[in-house]
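What the coordinates show
Each chain is listed here by its residues.
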Amino acid sequence: MNHPQISGILEEEEEDCLQFLEKLEVEEFEDIKSGYRILFHFEENPFFENTVLTKEFKLGSNGESPSSTSTPIKWKPDHDLTKVLPKKVANNRRKRGLENRTFFDWFTDNNDPINDDIAELIKDDLWPNPLQYYLVPDIEVEPEDDEDGEGGEEFGEEGDEEEVDEVEDEEEKAS
């Protein structure tokens with residue numbers, strides 16, 4: 001959800017569903033040039049019965065054209081996010097084809113694997129660099145109000161004074 005391009009296709013309901021995602025794996029085929037699969041491991045959730053959803057990409061070699069397949073999702077009643085969510089209107093100038101798709105639309109669509117930007121982002125950016133996106137919220141945490149109700153100080157201003165006070169207190173106790 002913190003990846004700038006992937007978050008752009010996530011609807012709020014899909015974010016709720018992806019909270020149940022436990023693990024993401026990318027497995028390259030033995031011959032790396034022939035393709036790869038992306039496995040999404042989910043804990044039990046109110047949206048679907050599957051515990052693992054897999055999308056596989058065959059890159060096409062020996063004259064074959066590229067193809068993709070995905071696990072059929074066993075949606076629970078009234079939770080099929082491909083039907084519940086309104087379809088995004090396609091813009092005339094589609095920026096890399098991402099605007100008019102939602103995450104589960106992408107997952108279930110196997111019509112045009114040639115330009116699958118989302119799969120490429122997951123395989124080449126998100127998978128090898130997960131902490132870059134996983135830790136984003138922790139890095140941007142705002143300081144909380146301190147005990148006397150004063151807030152709004154920049155990072156480091158008050159913290160440095162407190163550290164100095166604590167060191168001086170410890171030195172006094174030690175002497």
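This structure is a prediction, so every number in the text was calculated from the model and none was measured. (Residues numbered from 1 in each chain as written. Predicted model: local features only at pLDDT ≥ 70, side-chain atom pairs only at ≥ 80, totals over all residues. Heavy atoms only, no water.)

This paragraph deals with the pattern of salt bridges. Scanning all chains against the criterion turns up four salt bridges. The partner of E56 in a salt bridge is R37, and the shortest N-O contact between them spans 3.0 Å. With E56 in strand β3 (residues 52–58) and R37 in strand β2 (residues 35–42), the pair connects residues that are 19 residues apart, well separated along the chain. The shortest N-O distance in the salt bridge between D124 and K123 comes to 2.9 Å. With a relative accessible area of 44%, D124 lands in the partly exposed category. (Salt bridge = Lys/Arg side-chain N within 4 Å of Asp/Glu carboxyl O. Helix = DSSP H or I, 4+ residues; strand = E, 2+ residues; numbered from the N terminus. Buried < 20%, exposed > 50% of the residue type's maximum accessible area, 1.4 Å probe, protein only.)

Here we take up the sheet that holds strand β1 (residues 21–28). One open sheet holds the four strands; their spatial order is β1-β2-β3-β4, and the pairing between them is antiparallel. Taken across any chain shown, the strands that pair with only one partner, and hence form the sheet edges, are β1 and β4 (67–70). For this sheet the average axis-to-axis angle between neighbouring strands, irrespective of direction, equals 10°. As defined by bridge partners, β3 adjoins β4 across four bridges and the pair is classed as antiparallel. (Pairing = 2+ DSSP bridges. Axes fitted to C-alpha atoms, helices over the stretch in contact; angles between N-to-C directions.)

Note that E43 resides in the loop between β2 and β3. Counting along the chain gives 20 residues from E43 to K23, while the straight-line C-alpha distance between them is 9.3 Å.

Let us look at the pairing of β1. Residues in a regular strand point their side chains to alternate faces of the sheet. In terms of strand pairing, β1 meets β2 through seven bridges, oriented antiparallel. The residue of β2 that forms the bridge with L24 is F40.

Here helix α5 (residues 117–126) lies mainly inside the structure; seven of its 10 residues are buried. Among the residues of α5, D117, I118, A119, L121, I122, K123 and L126 are the ones counted as buried. Where α5 is buried, its residues meet α1 (4–7), β1, β2, β3, α4 (103–108) and α6 (130–134). (Contact = heavy atoms within 4.5 Å.)

It is worth stressing that arrangement in space is one thing and function is another; only the former is reported here.
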